[in-house]
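Spelled out from the first residue to the last, the chains are:
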Amino acid sequence: MKSNQNHSQNTKETFTEDLRKIIKERFTFGQKSTPPNDTKRPKSGKGL
Amino acid sequence: MKNPPVFLLFPPGWIYTTGGSNLALPLLKGYLEASGIETYLFDLNIGLSDYFKIKISNCKIESACEIPSLENLNKPYYLSQDKMSAIAKPYGATWDIQLGFNYDGCSFSSSDEIRKFSEFNSPFDSYYDEELINQVEKLNPSIIGISVCSAAQLLTTFQIVRILKRTGYSGKIILGGNIITRLEKSFLKDWVFELIDGIVVFQGEIALSSLYFALQIGKELDYIPNLIWKKKGEIKKNKIEYLPQKDFGRPSYVNLSFKSYWGINYIPVLGSRGCYYGKCTFCSIPFAYGNNGFLGHDNPLSVYDDMVNGFDLSGINNYKFMEEALHPAILRKLSDKIISENFDCEFEGYARLDSFWQDEKFLQNISKAGLRKVYLGLELITSDKRGLLNKSDSNKALEMLKKFSDAGIKTHIFTLFGYPGTGIEEAVNTIEFVLQNKNLIDTLDIFPFYYAKHTKVPFIDIINNKAEDWALEHKYMPAIEEVLTMAQTSELCYQLEDIIWNEIPKWLHPIYRLYSPWSTKESNNNTVIKEQFTYV
């Protein structure tokens with residue numbers, strides 16, 4: 001549970017960097033390419 | 001002389017990417033008509049979709065879902081969204097398929113802003129004039145009831161109320177619905193009660209019927225349950241009574257324009273009222289039902305009759321159960337009845353991960369009856385922190401997902417990240433779990449934790465903000481070190497959702513959801529959806 005500790009004291013930037021690092025370590029996506037930044041995504045209207 | 005009817009309105013602001021109507025007004029209509037009160041309902045939200053011709057055709061939805069890439073799913077979505085944006089833009093506003101209509105700079109969380117912006121012109125004014133006011137003049141209803149079920153409907157509700165007043169409507173205007181019940185005390189403002197005649201909290205069946213008859217004979221309104229109204233200049237709150245099981249009514253779907261709803265259509269039905277568990281610490285849904293969140297189960301045979309009546313009226317044999325959690329007491333008898341009657345149907349509903357779903361014989365039976373998809377509140381994969389949510393459900397999520405899959409029942413997974421005391425590890429583990437088992441999952445949502453009003457969550461402190469008096473969620477600060485801030489929770493969800501958008505976009509995309517629960521497109525093409533009646 002180390003990754004849960006002290007986040008509330010971190011700046012947002014540090015938290016984001018920590019999170020990105022964890023995601024990079026935990027997920028490998030091999031084949032798929034990230035879509036270009038301008039690819040639209042619908043806003044979330046969740047639960048239905 | 002004919003008594004004036006009741007006219008029930010569902011205002012614009014509700015999400016368009018559902019296959020059927022909201023159930024609140026059909027339930028009220030059915031109850032009132034069984035009480036001898038002529039009642040009409042008007043879904044203004046879906047009416048606007050027809051008026052502006054923004055509906056996405058089933059043909060385009062089915063085509064997009066053949067290969068459900070983000071690009072393919074986006075094509076039909078943004079054809080309509082761009083059209084809606086263009087309609088709203090000249091008014092300094094946005095109109096979103098899922099989030100409704102709003103002016104730039106208006107917060108639904110602020111009563112002052114709703115008051116101010118509801119006086120603005122809207123792109124819907126001509127529709128209200130041509131369609132709504134025309135119907136009001138023809139029907140001359142004694143009561144107009146408006147059901148507010150999403151925050152976005154607050155703005156349009158007050159715009160509609162102002163138009164009704166301006167055009168000289170002199171009957172009673174009563175607001176109700178989930179949002180009104182949740183706002184209750186903060187909703188009791190003088191300017192609100194200058195525009196409307198009352199609000200009804202919790203269930204409106206008995207309140208509206210009692211009000212109707214009281215108005216007919218000039219009786220005092222003090223005895224009408226759940227009504228908050230103005231008596232001699234003072235706002236008066238009548239006693240609260242939850243709808244007893246014996247008074248559960250049957251929904252009436254007459255007046256609904258079935259063809260107008262987007263996607264493959266369903267009829268909303270209800271087997272139970274509320275959540276039979278109702279103790280998840282983060283969930284505010286039980287509050288709005290009252291009675292600790294649960295009013296009881298309906299008679300499964302009556303629910304079956306509702307399904308058949310809906311089919312006879314509309315030609316639609318897909319159904320969505322709207323209760324917060326399907327219960328075996330309903331499902332067993334209902335499935336037996338469907339099978340014994342050889343009634344051809346498909347249905348879906350929300351569910352808890354409770355152990356009865358592990359019964360393979362039970363699953364096979366309800367699948368045979370027509371259950372096609374369940375929407376499961378997983379929130380987080382099992383860990384030593386998941387207990388903080390007080391879900392008290394099974395820890396055998398994977399086993400259940402496999403059994404649902406084996407029975408031919410699709411699954412939607414709700415996840416919830418950033419709940420106080422849980423953090424990155426629980427969220428990342430959950431995303432890892434769903435991706436590892438992606439073949440068992442049809443769709444998924446990632447929710448950030450919100451501190452909903454009427455819930456009590458430990459380890460966080462509320463930040464009071466008087467300007468946001470109509471907020472449905474509190475802003476909060478961590479009370480202890482281990483809790484994520486609101487910004488961190490938001491970032492966590494954003495980054496993990498980004499993974500899903502990149503890997504399996506159909507899980508999150510609303511277009512896919514308009515199609516996925518139901519079986520082959522061939523069978524849906526054969527469905528003949530009947531036209532509905534006009535009001536008068």
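Just so you know, these numbers come straight off a predicted model, no measurement behind them.

How each quantity is defined
- Residues numbered from 1 in each chain as written.
- Chains lettered and ligands numbered in written order.
- Predicted model: local features only at pLDDT ≥ 70, side-chain atom pairs only at ≥ 80, totals over all residues.
- Helix = DSSP H or I, 4+ residues; strand = E, 2+ residues; numbered from the N terminus.
- Buried ≥ 20, exposed ≤ 12 C-beta atoms within 10 Å, placed from the backbone.
- Rg over C-alpha atoms; globule rule 2.2 N^0.38 Å.
- Pairing = 2+ DSSP bridges.
- Contact = placed C-beta atoms within 7 Å.
- Domains from an automatic or database assignment.
- Nonpolar A, V, L, I, M, F, W, Y, C, P; charged D, E, K, R; others polar.
- Axes fitted to C-alpha atoms, helices over the stretch in contact; angles between N-to-C directions.
- Core = buried A, V, L, I, M, F, W, Y, C linked by C-beta atoms within 7 Å.

Remarks on the overall build of chain A
Then, number 1: The number of helices and strands found in chain A is one helix and zero strands.
Then, number 2: Taking all 48 residues of chain A together, 10% fall into the buried category.

So, the overall build of chain B
Then, number 1: Within chain B one finds 20 helices and 20 strands.
Then, number 2: In terms of overall dimensions, chain B is globule-like: its C-alpha atoms have a radius of gyration of 23 Å, near the 24 Å expected for 536 residues.
Then, number 3: Its C-alpha atoms give chain B principal-axis dimensions of roughly 65 × 60 × 45 Å.
Then, number 4: A total of 536 residues make up chain B; the buried ones form 51% of that total.

A few points about the pairing of strand E20 (residues 473-478) of chain B
Residues and elements named next belong to chain B.
Then, number 1: Note that strand E18 (residues 451-452) and E20 share two bridges and pair antiparallel. Residue pairing in the sheet places Ala452 in a bridge with Glu473 of E20.
Then, number 2: Bridge count between strand E19 (residues 460-463) and E20: four bridges; the pairing is antiparallel. Note on E20: the bridge partner recorded for Ile462 is Tyr476.

With respect to helix H8 (residues 178-187) of chain B
Then, number 1: With seven of ten residues buried, H8 of chain B lies mostly within the body of the structure.
Then, number 2: As for H8 of chain B, its buried residues are in contact with helix H7 (152-166), strand E6 (172-176), helix H9 (190-195), strand E7 (198-200) and helix H11 (285-289) of chain B.

Points about the pairing of strand E9 (residues 234-237) of chain B
All names here are of chain B.
Then, number 1: Of the pairings in the sheet, the one linking strand E8 (residues 227-231) to E9 comprises four bridges and is antiparallel in character. The residue bridging Ile228 from the neighbouring strand is Lys237, located in E9.
Then, number 2: In this structure, the hairpin formed by E8 and E9 is closed by a connection of two residues, where Lys232 is found at a positive phi of approximately 50 degrees.

Brief notes about the sheet that holds E18 of chain B
Then, number 1: Across the sheet, three strands lie side by side as E18-E20-E19 (chain B); this open sheet has antiparallel pairing. Only two strands of the sheet have a single partner each, and these edge strands are E18 and E19 of chain B.

Concerning the domain arrangement of chain B
All names here are of chain B.
Then, number 1: Partitioning chain B into structural domains gives domain 1 (6-52 + 113-245) and domain 2 (264-417 + 430-449 + 506-525).
Then, number 2: Computed from C-alpha coordinates alone, the two centres of domain 1 and domain 2 are separated by 30 Å.
Then, number 3: Contacts between the two partners involve 13 residues from domain 1, matched on the other side by 18 residues from domain 2.
Then, number 4: Its residues assigned to classes, the side of domain 1 that touches domain 2 shows five nonpolar, seven polar and one charged.

Details of the environment of Thr16 of chain A
Residue and element names in this part refer to chain A.
Then, number 1: Within the secondary structure, Thr16 sits in helix H1 (residues 12-26).
Then, number 2: Overall, the presence of 17 C-beta atoms within 10 Å leaves Thr16 in the partly exposed class.
Then, number 3: Here the alpha-carbon distance between Thr16 and Lys43, two residues 27 residues apart in the chain, equals 21 Å.

Regarding the environment of Ile174 of chain B
All names here are of chain B.
Then, number 1: Considering the arrangement of structural elements, one finds Ile174 in strand E6.
Then, number 2: Of the residues examined, Ile174 has 25 C-beta atoms within 10 Å and is grouped as buried.
Then, number 3: Setting aside residues no more than four positions away along its own chain, Ile174 makes contact with Ile143, Gly145, Ile196, Asp197, Gly198, Ile199 and Val200.

Comments concerning the sheet that holds strand E15 (residues 371-379) of chain B
Residues and elements named next belong to chain B.
Then, number 1: Spatial ordering of the open sheet is given by E10-E13-E14-E15-E16-E17, a layout of six strands whose pairing is parallel. Since the sheet does not close on itself, it has two edges, and those belong to strand E10 (267-269) and strand E17 (443-448), each with one partner. Taken over all neighbouring pairs, the strand axes of this sheet differ in orientation by 20 degrees on average, direction set aside.
Then, number 2: Pairing of strand E16 (residues 410-417) with E17, which is carried by six bridges, proceeds in the parallel orientation. Residue pairing in the sheet places Phe414 in a bridge with Asp445 of E17.

Description of the nonpolar core
All names here are of chain B.
Then, number 1: Core analysis: the biggest nonpolar cluster contains 166 residues, and Leu9, Leu154 and Leu208 have the highest contact counts within it.
Then, number 2: When residues in this core are grouped by element, the largest group, seven residues, is from H7.
Then, number 3: Summarising the domain contributions, this core has at least three residues from each of domain 1 (6-52 + 113-245) and domain 2 (264-417 + 430-449 + 506-525).
Then, number 4: With near-sequence residues (within four places) excluded, Leu154 lies in contact with Phe108, Ile114, Val148, Ile179 and Trp470.

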